[in-house]
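Here is what each chain is made of, one letter per residue.
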Amino acid sequence: MTAKIEFENSKKRIEHIEDVLSSVAAGDLDVRVETTIEDDLTGVEEAINILIEDLTYELKQSKKMREELEEKLSKIEEQQNTILRQQDDLLELSSPVTKVWDNILILPVIGTLDSQRAQIMMENLLHKIVETGCTISILDITGVPTVDTQVANHLLKTVTSARLLGADCIISGISPAIAQTIVHLGIDLSVIRTKATLQDAMIYSMRKNRQLVDGKIKTEHAENEEIEN
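This text gives an overview of the structure that appears in the document. The shown structure was predicted, so the numbers you read here are calculated from the model rather than taken from an experiment.

What to know about the overall build of the protein
Point 1. For the protein, the helix and strand inventory stands at seven helices and seven strands.
Point 2. Listed N to C, the secondary structure of the protein is α-α-β-β-α-β-α-β-α-β-α-β-β-α in terms of helices and strands.
Point 3. Put simply, the protein has 229 residues, and 29% of those count as buried.
Point 4. Carbon and sulfur atoms provide 54% of the accessible area of the protein, an area that totals close to 15,300 Å².

This is the structure we're talking about:
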C-alpha cells in the first residue's frame, strides 16, 4: 500500500515537472517546480529549477543586448539622416542664386562640380527664375577646376531649361583648361552664350537689359532726369 502511494506521488510530481517544462517552452519563465519532499526525484526537480533560472538569465541578457543594439542602430540611423540633411544643406548653400541687378540673376560656382551638385544648381536657378521673373541669368564657373561630360551636359540642360522659362542663361569664367577639355570631349556649347569673365557677362547683361549706356550704369534717377529733359 505504501509503495502504491509513493508511486502515485512520484507520478504526480513527474506530471508537474512536465507541466512546468511545457509552460517554460510556451514562454512562461516564472514557473518553478515545487519541491516538498526529499527523495531521489528532488535532485531532478532542483536541477530543472536551476536550468530555468539559467535560461531566464540568458534570455534577459539577450533581450537587454538586443535592446541596446536596436538603440545604437537607431542612433546611427539618426546620425546618418542628420549627415544627409547637412550634406543637402551644404549643397544648397554651395549653389546660391542671387539677384544682383534688376532682371539679372547670378549663380557663382566654386569648387568641384559633380552631377549631383549640378542638378541641385539647376533646380535652384530655375526656381529663382520663376520666383523673381528675371529673364537674364549668369552662371559663373570661374572657380570650377574641371568639367567632365556629365557636368557639361548638365550645363546644357540648365541653359535649355532656363530658356524654356523665358530666361537667357550666360556662362562665364570658362578657364583655358576647361575650354580644352570641352573641345577634347567633343561637347558642342555653340548654342550657349559664353563670356570670358564675370565682368564681361555683367556688361553684356546690362546692355541687353538696357541698364548700361555709354559704359555707365543707367539708374532709375537718371532715367527720370532724361524724361524731365
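So much for the structure itself; the text now carries on.
Some words on the side chain of S172
Point 1. As for its placement among the helices and strands, S172 is situated in strand β4 (residues 168-172).
Point 2. Taking relative accessible area as the criterion, S172 reaches 0% and is therefore assigned buried.
Point 3. A polar contact of 2.7 Å, which involves the side chain of S172, links it to the side chain of D140.
Point 4. With near-sequence residues (within four places) excluded, S172 lies in contact with I138, L139, D140, I141, T142, K195, T197, L198 and A201.

Re the pairing of strand β3 (residues 136-143)
Point 1. The element β3 is largely enclosed, with a buried count of six among its eight residues.
Point 2. Pairing of strand β2 (residues 104-110) with β3, which is carried by six bridges, proceeds in the parallel orientation. Looking across to β3, one finds that I110 is bridged to G143.
Point 3. A crossover links β2 with its parallel partner β3, the connecting element being helix α3 (residues 115-132), and its sense is right-handed.
Point 4. Strand direction decides the pairing type here: β3 and β4, joined by five bridges, are parallel. Paired with D140 across the strands is S172, a residue of β4.

With respect to unusual backbone geometry
Point 1. One non-glycine residue, N103, lies in positive phi territory at about 70 degrees.
Point 2. In this structure, N103 sits in the loop between β1 (98-101) and β2.

Examining the sheet that holds β1
Point 1. If you walk across this open sheet you meet the five strands as β1-β2-β3-β4-β5, and the pairing is mixed. Bordering the open sheet on either side are β1 and β5 (193-195), each of which pairs with just one other strand. On average, each strand axis in the sheet is tilted by 30 degrees relative to the strand beside it, whichever way the strands run.
Point 2. Sitting on the sheet, α3 is in contact with β2, β3 and β4, with an inclination near 165 degrees to β2.

Cut-offs and rules
- Every residue gets a number counted from 1 within its own chain, in the order that chain's sequence is written.
- The model is predicted, so local features are restricted to residues of pLDDT at least 70 and side-chain atom pairs to those at 80 or more, both for listing and for counting; the totals for chains, interfaces and linings are taken over all residues.
- The basis for every side-chain value is the complete set of non-hydrogen atoms in the structure, without hydrogens or water.
- The helix and strand labels rest on DSSP assignments: H or I over at least four residues marks a helix, E over at least two residues marks a strand, and numbering proceeds from the N terminus.
- To sort residues, take the accessible area from a 1.4 Å probe on protein chains only and compare it with the maximum for the residue type: under 20% means buried, over 50% means exposed, and anything in between is partly exposed.
- Here the accessible surface of atoms and residues is derived via Shrake-Rupley with a 1.4 Å probe, and residues count as covered only by protein chains that are part of the display.
- For this analysis, a polar contact is any N or O atom pair within 3.5 Å, provided that within protein one partner can donate a hydrogen and the other can accept it, and provided that sequence-adjacent residues contribute only side-chain to side-chain pairs.
- The criterion used for residue contact is that any of the two residues' heavy atoms lie within 4.5 Å.
- Being paired, for any two strands, means DSSP has found at least two bridges between them.
- Think of it like this: strands point away, you trace from the first strand over the helix to the second, and a clockwise trace means the crossover is right-handed.
- Every angle, taken between N-to-C directions, lies between 0 and 180 degrees, and every axis is a line fitted to C-alpha atoms, over only the stretch in contact when it is a helix.

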